[in-house]
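The primary structure of each chain is shown beneath.
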Amino acid sequence: MDIIKATPEHGFAIAELALMAGEGIPDYFWEMARRPDQSSLEYGAERAASADQNFSFKNAHLAVDQDRVTGMLLGYRLPDAGAAEDLSSLPDFIRPLVELEQQVPASYYINMLATYPAFRGQGIGTALMDNVPEWAHAAGCDLASVEVFEQNPGALRLYQRLGYQIVDSRDVVPHPCYPYTGKVFLLTKPV
């Protein structure tokens, strides 16, 4: 298995994996923004192939086995303190997530980690996460951060096994686009 930097040609794989990692949130926004002649997945692939936002190939690293994408980590530097997004313009169910992001300004934020179902349980997520210190340093960060829903115990175990610690949490605002209630945790690790 190789870990490579994504290119615009990987847009479709990035979008597919984002739908898995995002547990319904990307599809909610993509469905509203897509053109009538495209699916939400096609819209997501178009966005992933562009370089003008955080959800982009430029922030994605892929696990590849014999030229087949098996997994992805999408991460980037969060804005510095004082450059926080205005929460009042966000949907209610997104606010707790962004509030947590704002607790760790200038950290390397692991926005999405996913593997295709056929490749789960083979250490791909761990292999991608092993590169986070290098990517974080390249982005000028000395702290990595990630958010995990309390009701996703597998992901929570993975991050904690890798040394990430819960530093804050928010109540989940239930929404039909994803299956979670309870808490969403913010985890960090110095890198």
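Keep in mind that what you see is a predicted model, and the values were worked out from it rather than measured. (Residues numbered from 1 in each chain as written. Predicted model: local features only at pLDDT ≥ 70, side-chain atom pairs only at ≥ 80, totals over all residues. Heavy atoms only, no water.)

Draft legend 1. Focus on the packing of helix 1 (residues 11–21) against helix 3 (residues 40–48). As a packed pair, helix 1 and helix 3 sit with axes 7 Å apart at the nearest point and diverge in direction by 120 degrees. Considering their axes alone, helix 1 and helix 3 lie oblique with respect to each other. Where helix 1 crosses over helix 3, the two elements pack in a sense that is right-handed. Side by side, helix 1 and helix 3 meet where G11, F12, I14, A15, E16 and L19 of the first sit next to L41, G44, A45 and A48 of the second. Of the residues belonging to the contact of helix 1 with helix 3, the class tally is seven nonpolar, two polar and one charged. (Axes fitted to C-alpha atoms, helices over the stretch in contact; angles between N-to-C directions. Helix = DSSP H or I, 4+ residues; strand = E, 2+ residues; numbered from the N terminus. Parallel < 35°, antiparallel > 145°, perpendicular 65-115°, else oblique. Left-handed = near helix turned anticlockwise from the far one by under 90°. Contact = heavy atoms within 4.5 Å. Nonpolar A, V, L, I, M, F, W, Y, C, P; charged D, E, K, R; others polar.)

Draft legend 2. Expanded view of the pattern of salt bridges. Applying the stated criterion to the full structure yields eight salt bridges. Salt-bridge contacts for E46 lead to R35; the nearest nitrogen and oxygen are separated by 3.1 Å. One end of the pair, E46, is in helix 3; the other, R35, is in the loop between helix 2 (25–33) and helix 3, and 11 residues separate them in sequence. Classification of E46 by relative accessible area gives partly exposed; the value is 41%. The partner of R77 in a salt bridge is D80, with the nearest N and O atoms 2.8 Å apart. One salt-bridge network, held together by shared partners, links R35, D37 and E46. (Salt bridge = Lys/Arg side-chain N within 4 Å of Asp/Glu carboxyl O. Buried < 20%, exposed > 50% of the residue type's maximum accessible area, 1.4 Å probe, protein only.)

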